[in-house]
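Letter by letter, the chains look like this.
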2 protein chains.
Amino acid sequence: MISSTAKYALRAIVYMAGQSDRYVNRSEISNATLVPHEYLLKVLNQLDAAELVESRPGPGGGYRLRRPADEITALEVVTAVDSIPRITECPLGLAEHEQLCPLHQLLDDAGKRVEEAFAEAKVSDLLSRKRSRTCEFPQKK
Amino acid sequence: MISSTAKYALRAIVYMAGQSDRYVNRSEISNATLVPHEYLLKVLNQLDAAELVESRPGPGGGYRLRRPADEITALEVVTAVDSIPRITECPLGLAEHEQLCPLHQLLDDAGKRVEEAFAEAKVSDLLSRKRSRTCEFPQKK
DNA sequence: GCTAATGTAGACACGGAGGTCGACATTGAT
DNA sequence: ATCAATGTCGACCTCCGTGTCTACATTAGC
């Protein structure tokens, strides 16, 4: 449905959201979310470019959200790393088409529904209440 | 949203649906849908395994639908070649979880909505009324 | 039965997403 | 000013979905 990069981004963002305002370093995020440490860098870079997180180098540095968790939608996180394919015009460029062919309409509708699902969820909605048994952050073995 | 293989399958099925009961050979389907001729074979094999089409070799042979177009849903076509990822249980296998973590619930919800979109559409709904300007079958140049 | 049209099958090639590695740059604490 | 913790960047590797190639099997028509 979405790329694993997008899932990584969501896990990382949700983890940071659970750590209030402190800067969290990459190793800690990687340990908690099991996103590969080096790959996490690329994900965080994209989240930074999308202005969802900010970073600070040096001891005590790391990453944190730029905005409160209830003001960030899951859709923003997903689109920061992974464009959801929407079909707004005829893929053949036939300008005369007022509307898409039924098949293209269906494909676009599927994309639209996914977009809606992610747009309706705020990051704060994704925080697990009972932390002890959360499964969104897999355990390292 | 779905793989290009799934889009190929939909285009091929919709094309066959527009040819009533006659057997359509692979070259004709490939020309009409611009699905690469050799790759189309693999797609058709999967559609055959899913019992959506039947084939006949020899001169005058080819492929055709096994059931009427209004009794096949787009979801059947898509799932014949491409599983839509649903999350029915905790990915960590924590049996104690009565319900999924919020994040996994969201991901599953996205998959569910896509499934619904495709389940609601029959192949017959995807046939273009005005054939002259259809864009679902790209023109070879 | 022969031939041509067609489908069948498996091995191989390509490209992009996912993932790793090593050298470098920046900052906080002392 | 120095050092260590941390982030930054670019090159590389790997795997799998996509797509191609070549040889083989089956059948309609004569």
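As shown above, the structure is provided for reference.
Residues numbered from 1 in each chain as written. Chains lettered and ligands numbered in written order. Predicted model: local features only at pLDDT ≥ 70, side-chain atom pairs only at ≥ 80, totals over all residues. Heavy atoms only, no water.

## With respect to the protein's contact with DNA strand D
Okay, so step 1: Close to DNA strand D lie 23 residues; Gly62 of chain A together with Thr5, Tyr8, Pro36 and Lys42 of chain B are nearest.
Okay, so step 2: Put simply, 62% of the atoms of DNA strand D that lie within 4 Å of the protein are in sugar or phosphate.
Okay, so step 3: Taking asparagine 25 of chain A, its side chain carries an N or O atom lying 3.3 Å from a phosphate oxygen of DNA strand D.
Okay, so step 4: Only α3 (37-49), β1 (53-56) and β2 (62-65) of chain A together with α1 (4-17) and α3 (37-49) of chain B provide two or more residues apiece to the surface near DNA strand D.
Okay, so step 5: When grouped by side-chain class, the residues that make up the surface near DNA strand D number nine nonpolar, nine polar and five charged. (Near = heavy atom within 4 Å. Polar contact = N/O pair within 3.5 Å; in protein donor to acceptor, adjacent residues only side chain to side chain. Helix = DSSP H or I, 4+ residues; strand = E, 2+ residues; numbered from the N terminus. Nonpolar A, V, L, I, M, F, W, Y, C, P; charged D, E, K, R; others polar.)

## Some thoughts on the packing of helix α1 (residues 4-17) of chain A against α3 of chain A
For any two helices packed against each other, the geometry comes down to the angle between their axes and how far apart the axes lie.
All names here are of chain A.
Okay, so step 1: Running from N to C, α1 and α3 point in directions that differ by 75°, and their axes come no closer than 10 Å. Classified by the interaxial angle, the pair formed by α1 and α3 is roughly perpendicular. Across from Thr5, Tyr8, Ala9, Ala12, Ile13 and Met16 in α1, the residues of α3 making contact are Tyr39, Leu40, Val43, Leu44, Gln46 and Leu47. (Axes fitted to C-alpha atoms, helices over the stretch in contact; angles between N-to-C directions. Parallel < 35°, antiparallel > 145°, perpendicular 65-115°, else oblique. Contact = heavy atoms within 4.5 Å.)

## Some remarks on helix α2 (residues 26-33) of chain B
Residue and element names in this part refer to chain B.
Okay, so step 1: When α2 is considered as a whole, its buried residues turn out to be Ile29, Ser30, Ala32 and Thr33.
Okay, so step 2: Here the buried face of α2 lies against α1 and α3.
Okay, so step 3: The distance from a side-chain oxygen at the start of α2 to the backbone nitrogen of serine 27 is 3.1 Å, and the residue carrying that oxygen is asparagine 25.
Okay, so step 4: Once α2 ends, the next one or two residues include leucine 34, with phi positive near 60°. (Buried < 20%, exposed > 50% of the residue type's maximum accessible area, 1.4 Å probe, protein only.)

## Considering the pairing of strand β2 (residues 62-65) of chain B
Residues and elements named next belong to chain B.
Okay, so step 1: Across four bridges, the pairing between strand β1 (residues 53-56) and β2 is antiparallel. In the sheet register, valine 53 faces β2, and the bridge partner there is leucine 65.
Okay, so step 2: The turn joining β1 and β2, which pair antiparallel and follow one another in sequence, is formed by five residues; a positive phi near 85° is taken by glycine 58. (Pairing = 2+ DSSP bridges.)

## Section: the environment of glycine 62 of chain A
Residues and elements named next belong to chain A.
Okay, so step 1: Note that glycine 62 resides in strand β2.
Okay, so step 2: Note on glycine 62: relative accessible area 8%, which makes it buried.
Okay, so step 3: It is 6.4 Å that separates the C-alpha atoms of glycine 62 and arginine 26, two residues lying 36 residues apart in sequence.
Okay, so step 4: Excluding residues that lie within four positions of it along the chain, glycine 62 makes contacts with Tyr23, Val24, Asn25, Glu54, Ser55 and Arg56.

## Observations concerning the protein's contact with DNA strand C
Okay, so step 1: The environment of DNA strand C is formed by 24 residues, the closest being Thr5, Tyr8, Pro36 and Lys42 of chain A together with Gly62 of chain B.
Okay, so step 2: Of what DNA strand C places within 4 Å of the protein, 64% of the atoms are sugar or phosphate.
Okay, so step 3: Within the side chain of serine 55 of chain B, an N or O atom sits 3.4 Å from a phosphate oxygen of DNA strand C.
Okay, so step 4: At 2.9 Å from a phosphate oxygen of DNA strand C is found a side-chain nitrogen or oxygen belonging to tyrosine 63 of chain B.
Okay, so step 5: Of the residues assigned to the surface near DNA strand C, the class counts are nine nonpolar, ten polar and five charged.

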